Amino acid sequence: MTDVAASAPAYEPSRTGLSADALRRAIIDHIRYSIGRPAAALRPEHYYRALALAVRDRMQDNRVASTQTSLDLGSKLTCYLSAEFLMGPQLGANLLNLGIENAARTALAELGQDLEEVLDCEEEPGLGNGGLGRLAACYLDSLATLERPAIGYGIRYEFGIFDQELQDGWQVEKTDNWLLNGNPWEIAKPDVHYPVLWGGHTERYHDDAGVLRARWIPQRVIQGVAYDTPIQGYGVKTCNVLTLWSARAVQSFALEAFNTGDYYKAVEEEVTSETVTKVLYPNDEPEVGKRLRLLQQFFFVSCSLQHVLHIVDDLADLSIYELAERFAIQLNDTHPSIGVAELMRLLVDERRLDWNTAWTITVATFGYTNHTLLPEALEKWPLGIFGESLPRHLEIIYEINSRFLDEVRARFPGDEDRVRRMSLIDEDGAKSVRMAHLATVGSHAINGVAALHSELLKESVLKDFYEMWPERFSNKTNGVTPRRFVALSNPGLRQLFDRTVGDGWLTHLDRLRGLEAFIDDDGFRAEWRDVKRANKSRLADFVYAETGVELDPTWLFDIQVKRIHEYKRQHLNVLNIVTQYLRIKNNPGIDMAPRAYIFGGKAAPGYFLAKRIIKLITAVGDMVNFDPEVNRYMKVVFLPNFNVQNAHLIYPAANLSEQISTAGKEASGTGNMKFMMNGALTIGTLDGANVEIRAEAGPENFFLFGLTVEEVEKLKRNGYRPSSYIAADPELRAVLDLIAGGHFSHGDTEVFRPLIDNLTYDDPFLVLADYASYVGCQDRVSAAWQDRDAWSRMSILNSARSGKFSSDRAIAEYCDDIWGVHAVTVTNGK
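Residues numbered from 1 in each chain as written. Predicted model: local features only at pLDDT ≥ 70, side-chain atom pairs only at ≥ 80, totals over all residues. Heavy atoms only, no water.

A. Quick peek at the domain arrangement of the chain. Structurally, the chain comprises domain 1 (64-478) and domain 2 (552-799). Contacts between the two partners involve 32 residues from domain 1, matched on the other side by 35 residues from domain 2. Taken together, the connections running from domain 1 to domain 2 amount to two salt bridges. As a salt-bridge pair, E173 and K611 come within 2.8 Å of each other at their nearest N and O atoms. Remark: the boundary between domain 1 and domain 2 carries 14 residue pairs in polar contact (both at pLDDT 80 or more). Elements that contribute at least two residues to the side of domain 1 that touches domain 2 include exactly α6 (131-145), β3 (163-167), β4 (170-174) and α17 (451-459). Per-element tally for the side of domain 1 that touches domain 2: the top contributor is α17, with four residues. (Domains from an automatic or database assignment. Contact = heavy atoms within 4.5 Å. Salt bridge = Lys/Arg side-chain N within 4 Å of Asp/Glu carboxyl O. Polar contact = N/O pair within 3.5 Å; in protein donor to acceptor, adjacent residues only side chain to side chain. Helix = DSSP H or I, 4+ residues; strand = E, 2+ residues; numbered from the N terminus.)

B. A look at the pairing of strand β2 (residues 150-155). Counting buried positions over the six residues of β2 gives six, a clear majority of the element. Both faces of β2 are covered, namely the face carrying A150, G152 and G154 and the face carrying I151, Y153 and I155. Pairing of β2 with strand β9 (residues 239-249), which is carried by five bridges, proceeds in the parallel orientation. Its bridge partner being in β9, I151 is matched across the sheet by V241. (Buried < 20%, exposed > 50% of the residue type's maximum accessible area, 1.4 Å probe, protein only. Pairing = 2+ DSSP bridges.)

C. Structural view of the state of the cysteines. Taken as a whole and judged by the stated rule, the model has zero disulfides. Residue C303 stays outside any disulfide, its sulfur separated by 14 Å from that of C79, the closest cysteine. The exposure class of C303 is buried, given its relative accessible area of 0%. (Disulfide = S-S within 2.5 Å.)

D. Fine view of the sheet that holds strand β20 (residues 656-659). Taken together, the six strands give an open sheet; going across it, the order is β19-β18-β17-β20-β21-β22, and neighbouring strands pair in parallel fashion. Only two strands of the sheet have a single partner each, and these edge strands are β19 (634-638) and β22 (703-704). With five bridges connecting them, strand β18 (residues 595-600) and β19 associate as parallel partners. Each bridged residue has a counterpart across the sheet, and for Y597 the counterpart in β19 is V636.

E. Highlighting the environment of K804. Mapped onto the secondary structure, K804 falls in the loop between α32 (788-800) and α33 (807-819). The exposure class assigned to K804 is partly exposed, which follows from its relative accessible area of 30%. Spatially, the C-alpha atom of K804 lies 38 Å from that of D591, the residues being 213 residues apart in sequence. In this structure the side chain of K804 is engaged in a polar contact, spanning 3.0 Å, whose partner is the side chain of E692.

F. Quick peek at the sheet that holds strand β8 (residues 220-232). Pairing is mixed across the open sheet formed by nine strands, whose spatial order is β5-β8-β9-β2-β1-β10-β11-β15-β16. Both outer strands of the open sheet, β5 (187-198) and β16 (473-475), are each paired with one neighbouring strand and no more. If you compare each strand with its neighbour and ignore which way they point, the axes differ by 25° on average. Here helix α9 (residues 287-314) sits on the sheet and contacts β1 (77-81), β2, β5, β8, β9, β10 (327-332) and β11 (366-369); the angle it forms with β5, its principal contact strand, is near 115°. (Axes fitted to C-alpha atoms, helices over the stretch in contact; angles between N-to-C directions.)

G. Highlighting the nonpolar core. Formed by 188 residues in total, the largest nonpolar core has its most connected members in F386, L575, F703, W791 and W819. Each of domain 1 (64-478) and domain 2 (552-799) accounts for three or more of the residues forming this core. The next biggest cluster of nonpolar side chains, apart from the first, holds 53 residues, and it includes W555, F642, I693 and L797. (Core = buried A, V, L, I, M, F, W, Y, C linked by side-chain atoms within 4.5 Å.)

H. Representation of the packing of helix α20 (residues 491-501) against helix α21 (residues 522-547) in the model. With their axes 9 Å apart at the nearest point, α20 and α21 run at an angle of 160° to one another. By the angle class used here, α20 and α21 are roughly antiparallel. Crossing of α20 over α21 shows right-handed handedness. The residues of α21 that touch α20, namely those facing P491, G492, L493, L496, F497, R499 and T500, are F524, E527, W528, V531 and R538. Residue classes in the contact of α20 with α21 are distributed as seven nonpolar, two polar and three charged. (Parallel < 35°, antiparallel > 145°, perpendicular 65-115°, else oblique. Left-handed = near helix turned anticlockwise from the far one by under 90°. Nonpolar A, V, L, I, M, F, W, Y, C, P; charged D, E, K, R; others polar.)

I. The arrangement of the packing of aromatic side chains in detail. Scanning the entire structure with this criterion turns up 23 aromatic pairs. An angle of 75° between the planes, with centres 6.5 Å apart, marks the rings of Y80 and W819 as edge-to-face. Residue Y80 is found in strand β1, and its partner W819 is found in helix α33; the two are separated by 739 residues along the sequence. Comparing Y80 with W819, the two get one shared label, buried. (Phe/Tyr/Trp six-rings, centres within 6.5 Å; stacked < 30°, edge-to-face > 60°.)

J. Representation of the pattern of salt bridges. Counting across every chain of the model gives 59 salt bridges. Between K380 and D426 there is a salt bridge, with its nearest N and O atoms 2.8 Å apart. Of this pair, K380 sits in strand β12 (residues 380-382) while D426 sits in strand β13 (residues 425-426); the two residues are 46 residues apart in sequence, bridging distant segments of the chain. Ionic pairing is found between K431 and E427, a salt bridge with its closest N-O pair at 3.3 Å. Take K431: its relative accessible area is 42%, and that puts it in the partly exposed class. Salt bridges here are not isolated pairs; linked through shared partners, they connect D415, D417, R418, R420, R421, D428, K463, D464 and E467.

Here you go:
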């Protein structure tokens, strides 16, 4: 998109103008009137806040126009409910989407400031744990870019995902106080607030018509207050909104208690209420943590649904019976699935609709995206906790379940085992509410997030539901936004794409196919390598500043960045590194392509083995990086605190993308797509979206290893014995013995014993079964890397064929196939 400043008039209003002069005046105005700093006390962070506020003004102008246009046309709206929104830094993205990057750079330069330094001042809001939250952010970007009206709904966590530090190689969690200096992007809406009920009991009564109804008498009432963040589309006027809810006390100060000297009692309700949105994902091991997680989920869903119904009430041309015709509400995984029961409560108890009408509306309104096949991630709430916390909702769920199971029995007579499996209440052991089942029964559309994942959903965890309602199931393969993950994070590649295929690729990523015509052009391949080399140098500088480890940009950069989890198998990667280490030590003159192994990712605070994996990576790195026999061939780095901000440096610098999860365990993955767009080659299993990435890139441009889903299932069915793999493979045995013997832990044989024992006697994710295949595949990677031109061709083809994995494609499919939400062109920016 051409920078709009080039065609701007000579003078524009400082509040809305897009020229460099208008932005400069806006920055000066905000410094004086919004920030209130004298010139002598200004620092880059103050210019960041002033520029951010100036950009927000321009987005708000579009936001008002977008809302008005949508209302005027009676357009249908997507409501995207997600417990996570990992938005990343906003200033650069918004400058890009508004087309005013050069104008902002010029405006700041005239004020003696550097745009890059100002951008670095932004605190990233860590309102997500990884792929789920980042996907939600990409989808908001695409909804606005495709001009589809939408509201994102989530939680305004006061403290986000923890900041990760390493101390002696161990993960240490530090508080992510992202709101310490305020958030210039959000607009507080204190007049938009809703009561959220909790605990207590229910009672029956007859209404004026003599109909028996239920009334919820809560133990507590919390108030949810809205904070709106505008979401600007790229190259369009459309600006949607992300509404995050913050918890407040209904009555925050008890004057009587204060006057009698009980100062703690005076603020107790406020403190208790605000705890609800204090922190992202509190530890749910203790019961109090479980209750808080449930309360968080119910809190934001209840606020969001009340807000939707409030909009319905404000629209004179719309009745509650037409809810599904104007609103498509999507449940992003199981976290917001309590929305099915809450909407029923609001319709039946508050709006006094009859049950059948309310249920028809509810099912027609909701869609459900499943993101996992792991049983532990399919949320279930103990019946006792659920009933005490949400007594009315438990009654509603029992009623939904009773009616639903009658349908099951009518459809499959005599199959009581099926009835037991499909029930919303898990009767096995301690009774619990199955939230994935509630979401499935209460939605007209259910989808997985990669072709393989969607098929496995139908064959495993939701098999019974698919057999009952096959028409409800579809696949919507995930996507990521090329605006952030190429244009913003990889400006060198963006310029090369613009010169080669034109700038339309940012909204039509399939146009990158035009790069294929240049793979035999020596000059183009040289430019391609120059861009990658510059990105690797940029990352190497960052790695050195953060860890003190020097990396050579001419080496192969082998990168695995993602949440630390056994199924993602970072420890398989480490076993290969130790294998290469032993090969070097046993043969000092070995011919080996030099390689930098780079890791990043956070382990859940209570995840014992994941934290041991981080410790193992850092311990191996400490040994490798300071051994002169070895460090001329390889180095190992764990980059702490992986987030969107440093991802901007990591994805563009990768030569090799590690996507090595056990087949059948990763729903999709989105990091694999970001790496591919930036020209990295993938080493991976046939898992998640890897299957589609390999199909798009071509098998010859993908390094495949490992068992397939069918082979994994067969091996487990026949009785998997990891010790047999150790006995049959001397190299594997030597690697495990070296780690177990304390070679990387200063002789301490206990620190890694839990990991080694887990692999030797259990190995739930078949690390040892895939070890030999993985090491052999890595040998093929090394051989391929040494043919510079062949590698360049494969790299170019990966980028050229990444078009399918744009979030624009994914969102268009959701809008067209599930939501029925159409594009609305906003023409008036005033």
